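Fold and geometry: a report
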Amino acid sequence: MLPKRTVHNAYCAAAAVAAMAATMTCASADLDPAAALRAGCFAPDGTPLSGKLSGKLSGKGPLRIGAIDIIVEEVFDTTDPQEDGAAYRLANALHYATRRQTIRQQLLFSEGDVFDAQRLEESARILRNRRYLYDARVQPGSCNPEQRTIDVQVRVRDVWSLSPGVSFGRKGGVSTSRIELEDRNLFGRGKHLSFARGQSVDRSTVTLAYDDPNLLGSWWRASGSYADNSDGRGQSLVLERPFYSLDTRWSFGVAGADITQRTPRYALGEKVDEFDERTERLSIHGGWSRGLEHGWTRRWLAGVRLERSRFTATTGDSLQAPLPTERDFVYPWMGVELIEDDFTITHNQDQIQRIEDLQFGRHLRAEVGLATSGFGADGTATLFALNAGAGYRLNYSNNDSNDSLFVDVTGAGRLQGGTLRDTILSATARYYRRQGSRRLLFASLEGSRAFNLDLDHQLLLGGDSGLRGYPLRFQSGDSRVLATVEQRFFTNWYPLRLFHVGAAVFADAGRTWGEDVFGALPSGWLADVGFGLRLGSARSALGNVLHLDVAFPLGGPPSGRDVQFLIQSRKSF
């Protein structure tokens, strides 16, 4: 019998041979550790790993997860001389760090589970999707061939989640403001509590909201909100166990909302009339799946929905178009969802100096429901919804020169009396051309077609929907197209170690077709050019990217020829 030390050396030597075959792939391990693991790279402690660790090894059973080491990094790294200052140390001291148990609750694996690289990858994506974390990496650690275990290291970095302050924005010639106190990581437990008072384009609001994505340490989610608005109120409540991973086998949930508000209608960027609206929604839904099989997840969905809308004329104002017809829909529905497990990690694409998860896999979600008077509806209608998309790697490689294309198709509406009603079909294509580590060309094309919209809905185009050189809600009609070309620049500038700086030069062009609800015809093609700064939030959970843009309209009616200054916080570049 060979000595144990000899067996250990032989095991690691065999793994090293497998790792040697993946030398080229390992060059990108810093960016995509999970992909490097699958290729057979070295773990952070120098231990070589085989790309087939998730399978069984010659007659000894599966490899299992050993210890899970969770490391929560502070908001500021005081071991870095540039962040070793009194202000940074004070910020760390005042910050309530994320609890390790909060991170553990969101992992798709635990000690003793069979090792599966896919679960490590997906756990990292779940963590990176939490706004109270700036970054998350889940990597294999040291292996123990005698016990047939491999340790896992989970490393996350906090951001400042308690956000008292004042925010403001301006787009489409209209200013907005917000005073708020919120914590997206209450006591380090991953809960979100916020109180805010703000002024939007349509109304002023006072809002109280709470969201718990891991209720009592489970995968159940509970959220609720209450808003006292200048034109009404709104309240919502959700309790559900979602499909939290690709391998989740079932879901169930209940959701409800009751909203009263004053709804405006626009033409050429000006409010033409308004009416009072009350909307009530109730949904009981669930789903079943066999989990992730051969790189695909298939889910069967079903539920019952109630959707009720009531409309009344605003006192003292005359309507320039008919009041919308009241709607009552109560209907059972069924659906299917398909998701392909194909994700890639990148950076400096839609974010600045931040890891991004790109979904190249194909995905489809389709729903259909039947509303009849027998279920309490005010008529017979077939209601449907569709969302499908895919990503394509064009001249794609693991260096700084690659292209990618993402295509999405959406549709929602109803078939009633043999006619499509309140239906919008849309298609979007987004193209990315990487020109190096600091430059990227982005282009997008979006087209929409509306069919017999209810009178409380409009298909709009303006400063708040991508045509940055014009007032908000400037054009309306039954068809819309919008094209954008944007040259993006990513810099190393990191002022006060608080945010990353980028810049953009852009051009937009678009138009609508068809008469709007007031019978007005659109004003033809509109175009703009502009430039702006991008500030990527590196320490706060408030938002991802702050946009500071100046846009110059090219033509159009006199009412839309003013230079537009836009300040807004968005999820992407």
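Before any of the text, the structure's been laid out above.
Computed from a predicted model, the values in this text were never measured in an experiment. (Residues numbered from 1 in each chain as written. Predicted model: local features only at pLDDT ≥ 70, side-chain atom pairs only at ≥ 80, totals over all residues. Heavy atoms only, no water.)

1. What to know about the pairing of strand S9 (residues 232-241)
Relative to S9, strand S8 (residues 221-229) runs antiparallel, the two sharing 9 bridges. Residue pairing in the sheet places Gly224 in a bridge with Leu237 of S9. One ladder, built from 9 bridges, connects S9 with strand S10 (residues 250-267); its direction is antiparallel. Residue Gly234 lies in a different strand from S10, and its bridge partner there is Ile259. (Pairing = 2+ DSSP bridges. Helix = DSSP H or I, 4+ residues; strand = E, 2+ residues; numbered from the N terminus.)

2. Side note on the sheet that holds strand S3 (residues 149-158)
One open sheet holds the 3 strands; their spatial order is S1-S3-S2, and the pairing between them is mixed. Two strands in the sheet have a free side with no partner beyond their single neighbour: strand S1 (64-73) and strand S2 (133-144). Between one strand axis and the next, the sheet turns by 15° as a mean value, whatever way the strands run. With 9 bridges connecting them, S2 and S3 associate as antiparallel partners. (Axes fitted to C-alpha atoms, helices over the stretch in contact; angles between N-to-C directions.)

3. So, the pattern of salt bridges
This structure, assessed with the given rule, holds 45 salt bridges. Of the charged contacts in the structure, one is a salt bridge between Arg497 and Glu83, with a shortest N-O distance of 3.1 Å. Here Arg497 is found in the loop between strand S23 (479-490) and strand S24 (499-513), whereas its partner Glu83 is found in the loop between S1 and helix H4 (86-94), with 414 residues between them in sequence. Overall, the relative accessible area of 15% leaves Arg497 in the buried class. With a shortest N-O distance of 3.3 Å, Glu274 and Lys271 are connected by a salt bridge. (Salt bridge = Lys/Arg side-chain N within 4 Å of Asp/Glu carboxyl O. Buried < 20%, exposed > 50% of the residue type's maximum accessible area, 1.4 Å probe, protein only.)

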